[in-house]
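What follows is each chain in one-letter form.
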Amino acid sequence: MQDYFFTLADALQAQLRGTETLLLSFDGEDSDFVRFNHGQVRQAGGVTRRALTLDLIEADRHAAGRAQLAGSLEQDMPVLRHLLNDLRGQRAHLPADPYLNYTTDGPSGETRVQSELPRRDHALEAIVDTSQGLDLVGIWAAGAIYAGFASSLGQRNWHTCESFNFDWSCYHTGDKAVKVNYAGLRWDSAELQSRMQDARADLEIMKRPPRTIEPGRYRVYLAPRALWEVLEMMAWGGFGLKSQRTGQSPLILMQTEGQRLDPAVNLSEHHGRGFEPPFTSEGFAKPERVSLVVNGAYRDSLIGARSAREYGARVNAAGEWPASLEMAPGTLAAREVIDALDTGLYVNNLWYPNFSDRNRARITGMTRFACFWVEGGEIRAPIDVMRFDDSIFRMLGENLLGLTHERELLLDPGTYGGRSSHSVELPGALIEGLAFTL
Amino acid sequence: MEPLLEQSAKRFAGRVPTVDFWSLRLVGEHKESLAVRQDVVQPPDTLVTRGAFITVIQAGGTGYAATSDLSVSGLLAAFERAREWALLTAPWSLLSTRDLTRCARTGGYETPVAEPWEGLSIEEKIGQLRTASRSLKIDDRIVDWWAWLVYRRIDTLLVSGCGAWIEQRFHIIDPGLKAVANMGSQTQVRTGGGARGARQGGLEQLKHLGFPDQGPRVAEEALMLLEAPECPEDRMDLLLMPSQMALQIHESIGHPLELDRILGDERNYAGTSFVTLDMFGHYRYGSTLLNVTFDPGCDGEAARYAFDDEGTPAERVHLIRNGLLQRPLGGASSQARTGLPGTASARACDWDRPPIDRMANLNIEPGQGSLAELVAGIERGVLMDTNRSWSIDDSRNKFQFGCELGRLIEDGELRGVVRNPNYRGISATFWRSLCAVGEQASFEVHGVTNCGKGEPNQMIHVGHASPPCVFRDVEVFGGGA
């Protein structure tokens, strides 16, 4: 694949005229997708996808295009030549772009994330065997994800990451279920078995009569996967330079009025984690890490190429949304969480958050899957789903009681437009007085 | 139809090995995106996509393979991969192969277009966008402003080993305007001109969407919202404009009625449904004023088509009639699994995803009364316009939605603008509080361009048309910490 991309880049470079510059970005995947319901296979298949994005530049005028690739010069070059000509035609009618920004001296390089994936038949057999008797529903996704960059100035970059992501739930009845995920680079069927055993244990709790809680404020523990949903809302425009400069950040109070989160909150974009390509689609190299929140105060923004040119800043991200977010650990031992919670809600998963008031970082969302009522330091019952509505500034500010010392590395199971390579590394959070409304 | 797709299908059909059943769905898309942000012309973006989705049924199993290699060898290689998947998973297959549709139909469809996209040059389109952009920047407090115009031409060709040959061509226009007003730490956003609601057709659709003429109003309302009071917190009547009805229909009627959710396929991701199979035919979903149709023929609506992606002919049917639940949203396979009647709504978002149960055009039929008459019937309430926030539980029951703009209604008259209007409720009871449905003249076509569900994930466009509607005694509230 890498060889083909670079061959294609050379062939397209030969098509350029005069002082034209061409930037090429490649993205693709070879993915297995097996969907389960009721412990059986609902849909199974594979996707082979290769796409090329072209940015044709002359002086400060440019137009972009994107095409699916067949994988042979014979099929792809006629389509790409036609697209290049279209872009050339469009460019003639465009004014100069004041925010065009690409690197002319970026480093070439290659990264391959090493992995050990199982044979697909072995993986499916393991899933079916370990889930005997369970009402299992979910998806197995595995294979390689590719990204590449090439410019007519000579830069060449390539990134490959093979991974698996098995994301599933085990249902008791109705909406009472346990959510589990096993994702990574090296498959271990014993680890799958262990996680399935944990799910069976939690499912026994889900069989107890559920408790319906009344609207009001409750102490909660947000497990890392639930905290991820909250941070996704912070990330929705919260860390991008463009959204910050145009007043659209949900963290506008932190950026304009010095609002702070609890000093224990430290967030960074850890590009160096390595699942994502280390380069941007304009050829810029990403730094190892960008500090976003330090000791509860807003620090740096994520800056894409266009914003960097517009605001005179340095590019530090491919997009202005975290893709490798990290939260520093706290001091609360995971084994002490239930005791520290004492009486309240143990929330494993949140669902479908959105803003109630973006300016105040006030968000709403639902509990989902295995969330428990805890009383006197003991898990007593599953809860019926409940809506929360509260401010992130309260949740991670004045009402934050602590973050766990242990963290979880979570790989995004999302597959919109292709398998995601986003990930997070997060602790859990113990929070006082989270407001529940419905 | 793109000649390449037709050639690929014919060559493949002439060489494909014998199996119990095969189908080939070819998709070609040409998309152009133009935008002007803060009076700066953004680089135009052109997308050219071609790909194939092959399904094989063999020895009691079903498998698929998707590829963008449309050569005969590429398609045959994908066919082999699909067959391997069918054989591998046959022992664990949830569905009987009898439940899977085997299309043998022929037919076609093309979106009616009065004013083709190509009728305006790129210079003229950018000129319109620049004018629209300038019309949004009416004050220093407008800190970000956009005008955009997107066109999609999508060709699909479905062929099968049973003789199916269905060609469809869709033309979709997706424009929008956005103004962001800011003062200190208060920011308000207003959109219009068709934002988030694509339509089928050509450039003639722009005038139906208020593009580009709504620019000044969008900007003025964004400024107005900056200084408006918060929406009050109380239980009161709620008048939802069609731009918000689209979201209300989508989340709390459309998704709960999807058969694949009810059958449990979506429980790990998009969720389940409070609706169960035994409810169809007698469950009171809403007041007697509630009439909901699946209407794949509605003029200009985004999901107009003649066949779904499994080749089932599409026809208009009532899902809810006079408040009673009649039938679910579900394609041929889901209908076979349940024995229930459904809809031609097995749809795939692109060439690399399998068809699943989706919404298409899902509408609320008009009632009686002009907008003024609806307002006159409200003693104390809030009008809410244009969705901006959506959240609902995984059974599609407890919801909270927010809008860009609210207006108070007192003693049957519209009063001042309020900001951050939100409301919450429960689907199972909310629709029973429907007390007024606007007349045909107030009926508007909108839609949702980012409907997400499925594993692997799929995002697709759907249409929702509705008049404004009034709901009694709803919990409304505003923003603030």
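Residues numbered from 1 in each chain as written. Chains lettered and ligands numbered in written order. Predicted model: local features only at pLDDT ≥ 70, side-chain atom pairs only at ≥ 80, totals over all residues. Heavy atoms only, no water.

Moving on, we get to the packing of helix α1 (residues 2–13) of chain A against helix α2 (residues 73–91) of chain A. Residues and elements named next belong to chain A. Close contact between α1 and α2 brings their axes to 11 Å; oriented N to C, the two are set at 45°. In terms of orientation, α1 lies oblique with respect to α2. For the crossing formed where α1 meets α2, the hand is right-handed. Taken together, the residues of α2 that come into contact with α1 (itself represented by Tyr4, Thr7, Leu8, Ala11 and Leu12) are Leu73, Asp76, Met77, Leu80 and Leu84. (Axes fitted to C-alpha atoms, helices over the stretch in contact; angles between N-to-C directions. Helix = DSSP H or I, 4+ residues; strand = E, 2+ residues; numbered from the N terminus. Parallel < 35°, antiparallel > 145°, perpendicular 65-115°, else oblique. Left-handed = near helix turned anticlockwise from the far one by under 90°. Contact = heavy atoms within 4.5 Å.)

Our focus in this paragraph is the sheet that holds strand β11 (residues 297–298) of chain A. Residue and element names in this part refer to chain A. Strand order in the open sheet formed by 6 strands is β11-β10-β9-β12-β19-β18, and the pairing between neighbours is mixed. Edge positions in the open sheet fall to β11 and β18 (408–411), since each of these has one partner strand only. Where strand β12 (residues 324–327) lies against strand β19 (residues 423–426), 3 bridges are found, and the strand directions are parallel. Of the residues in β19, the one forming a bridge with Glu326 is Glu425. (Pairing = 2+ DSSP bridges.)

What follows is about the environment of Val417 of chain B. All names here are of chain B. Mapped onto the secondary structure, Val417 falls in strand β19 (residues 413–418). The buried category is assigned to Val417, whose relative accessible area is 15%. Measuring from C-alpha to C-alpha, the distance between Val417 and Leu225 comes to 7.0 Å, with 192 residues separating the pair along the chain. Beyond its immediate sequence surroundings of up to four residues, Val417 is in contact with Met224, Leu225, Ala228, Pro229, Leu405, Gly406 and Arg407. (Buried < 20%, exposed > 50% of the residue type's maximum accessible area, 1.4 Å probe, protein only.)

Turning our attention to the domain arrangement of chain A. Residues and elements named next belong to chain A. The domain boundaries assigned to chain A delineate domain 1 (2–206) and domain 2 (216–436). Each partner contributes to the interface: domain 1 provides 49 residues, whereas domain 2 provides 37 residues. For the pairing of domain 1 and domain 2, the buried interface totals around 3,100 Å² over both sides, and the portion due to carbon and sulfur atoms is 60%. Viewed at the interface, domain 2 and domain 1 are joined by 2 salt bridges. For Lys176, the salt bridge goes to Asp384, with nearest N and O atoms at 2.9 Å. One can count 15 residue pairs in polar contact (both at pLDDT 80 or more) joining domain 1 with domain 2. Of all the secondary structure elements, the ones that give two or more residues to the side of domain 1 that touches domain 2 are β1 (21–37), β4 (109–113), β5 (135–151), β6 (156–173), β7 (176–184) and α4 (189–206). For the side of domain 1 that touches domain 2, the leading source of residues is β6, giving 9 residues. When the residues that make up the side of domain 1 that touches domain 2 are grouped by side-chain class, the tally is 23 nonpolar, 17 polar and 9 charged. (Domains from an automatic or database assignment. Buried area = accessible area lost by both parts, 1.4 Å probe. Salt bridge = Lys/Arg side-chain N within 4 Å of Asp/Glu carboxyl O. Polar contact = N/O pair within 3.5 Å; in protein donor to acceptor, adjacent residues only side chain to side chain. Nonpolar A, V, L, I, M, F, W, Y, C, P; charged D, E, K, R; others polar.)

With that settled, the discussion passes to the sheet that holds strand β16 (residues 362–364) of chain B. Residues and elements named next belong to chain B. Read from one edge of the open sheet, 4 strands run β13-β12-β11-β16, paired in antiparallel fashion. One side of each edge strand has no neighbouring strand; the edge strands of this open sheet are β13 (324–325) and β16. Pairing of strand β12 (residues 317–321) with β13, which is carried by 2 bridges, proceeds in the antiparallel orientation. Bridging across to β13, Ile320 finds its partner in Leu325. Contacts from helix α6 (residues 242–254) reach β11 (292–294), β12 and β16 within the one sheet, and its direction differs from that of β16 by about 115°.

We now examine the interface of chain B and chain A. Contacts between the two partners involve 95 residues from chain B and, on the opposite side, 89 residues from chain A. For the chain B and chain A pair, buried surface summed over both sides reaches about 7,500 Å², with 50% attributable to carbon and sulfur atoms. On the chain B side of the interface with chain A, the three residues burying the most area are Trp85, Trp92 and Arg267 of chain B, jointly 11% of the side's total. The interface formed by chain B and chain A holds 5 salt bridges in total.

Residues and elements named next belong to chain B. Counted under the stated rule, the structure contains 0 disulfides over all chains. No disulfide involves Cys231; its sulfur sits 9.5 Å from that of Cys403, the nearest cysteine. On the basis of relative accessibility, which here comes to 4%, the residue Cys231 falls in the buried class. (Disulfide = S-S within 2.5 Å.)

Among the nonpolar cores identified, the biggest contains 72 residues, and Leu257, Tyr285, Tyr423 and Trp431 of chain B are the most heavily contacted of them. Split by domain, this core shows at least three residues from each of two domains, domain 1 (2–206) and domain 2 (216–436) of chain A. Every residue in contact with Tyr285 of chain B, bar those within four places of it in the chain, is listed here: Ser252, Ile253, Pro256, Leu257, Phe274, Val275, Leu290, Ile320, Gly323, Leu325, Trp431 and Arg432 of chain B. Grouped together as the second largest cluster of nonpolar side chains are 53 residues, Phe5 and Leu69 of chain A together with Val36 and Leu129 of chain B included. (Core = buried A, V, L, I, M, F, W, Y, C linked by side-chain atoms within 4.5 Å.)

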